[in-house]
Amino acid sequence: MAVVHQTTMQPTKLELLTEWLPTREWHAGGQARPERVGGFRLDDPAGEVGIEFMAVTDGEGDGATTHLVPLTYRGEPLDGAEHALVGTSEHGVLGKRWIYDGTHDPVLVGQLYALLTGRAQAQAQSLSDVPDLTVAVSPLTVEGTEGAADAAGAELVRVEDGPDHTDVVLRTPGTPAPLTLRVRRVLRAGTDLDPGVAGVTAVWRLPDGTSVRGVFAAEVTGLGV
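For the structure given in this document, a descriptive report is provided here. (Residues numbered from 1 in each chain as written. Predicted model: local features only at pLDDT ≥ 70, side-chain atom pairs only at ≥ 80, totals over all residues. Heavy atoms only, no water.)

**Some words on the packing of aromatic side chains**
Convention followed: Any Phe, Tyr or Trp ring, taking Trp's six-membered ring, that has another such ring centre within 6.5 Å forms a pair; planes under 30 degrees apart are called stacked, those over 60 apart edge-to-face, and the others tilted. By definition, any uninterrupted DSSP run of H or I lasting at least four residues is a helix, any uninterrupted run of E lasting at least two residues is a strand, and each is numbered from the N terminus. Relative accessibility under 20% of the residue-type maximum defines a buried residue, over 50% an exposed one, and the middle range a partly exposed one, all with a 1.4 Å probe and only protein chains included.
Across all of its chains, the model carries four aromatic pairs by this definition. Both rings, one in phenylalanine 40 and one in phenylalanine 53, keep their centres 4.9 Å apart while their planes meet at 10°; by these two values the pair is stacked. Placement of the pair is phenylalanine 40 in strand 2 (residues 35-42) and phenylalanine 53 in strand 3 (residues 50-58), with a sequence separation of 13 residues. Classification of phenylalanine 53 as buried rests on a relative accessible area of 1%. The rings of Phe40, Phe53, Trp204 and Phe216 are connected pair by pair, giving a single aromatic cluster.

**Some points on helix 1 (residues 13-20)**
The following threshold applies: Here the arc refers to the directions that run from the helix axis out to each C-beta atom. Between two residues, a contact is recorded if the distance between any of their heavy atoms is within 4.5 Å.
Where helix 1 is concerned, the buried positions are Lys13, Leu16, Leu17 and Trp20. Buried residues of helix 1, seen end-on, are gathered within an arc of 100° and therefore sit on one face of the element. Elements that come into contact with the buried residues of helix 1 comprise strand 1 (9-10), strand 2, strand 3, strand 4 (65-74), strand 5 (85-91) and strand 6 (95-101).

**Section: the pairing of strand 10 (residues 179-184)**
Using the following cut-off: For two strands to count as paired, DSSP must find a minimum of two bridges between them.
Of all six residues making up strand 10, five are buried, and the element is well covered by its neighbours. One ladder, built from six bridges, connects strand 9 (residues 165-171) with strand 10; its direction is antiparallel. When the bridges of strand 10 are listed, threonine 166 appears paired with valine 183. Note that strand 10 and strand 13 (residues 211-220) share four bridges and pair antiparallel. Bridging from a neighbouring strand, arginine 182 pairs with alanine 218 of strand 13.

Structural data, given as structure tokens:
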């Protein structure tokens, strides 16, 4: 299990996101003043990459928008992912960290696939070795693999940003057709998965402190490579 260090980061994640969020196609617009309001972590089986699905809210009252920002934290740059770099930060324990938009990181994508196929467990955002039981998964049906839906065999093909989402296309073991996972960048309270659709729902806080649930990521059918 990944260790969550109770230490400092300079600059902080939110400081980096303040600069980065307005550059995204799916950002709601205006100056970003993000506040962390929820999310969860996944473990990298190799123990090298930190993986976090962070929900952050911009704005106040009726004008507030909650964005989902999957992030990965690495001890060295990810080759070929300069376009996905959120920024670098000095970690109080681990030293310099390269922080990426996780939808472009094959480790995060592989572990999201593992979560959907029952081979990974969502972890608490700020605690070590504590499963987050509020994260609900509607599992992905993987035919013809006899349970061997190995995350290491999930190959990231491409990433496409939309107005309120990011589509991640990957090839998976034992399935000839590509799989598209849609990461919801603008979170909407009260949304749920359609019957028979694989995906992940999780909890975040509204500005008034109310806890709500919505879809974080879901399988998309009918989108080919």
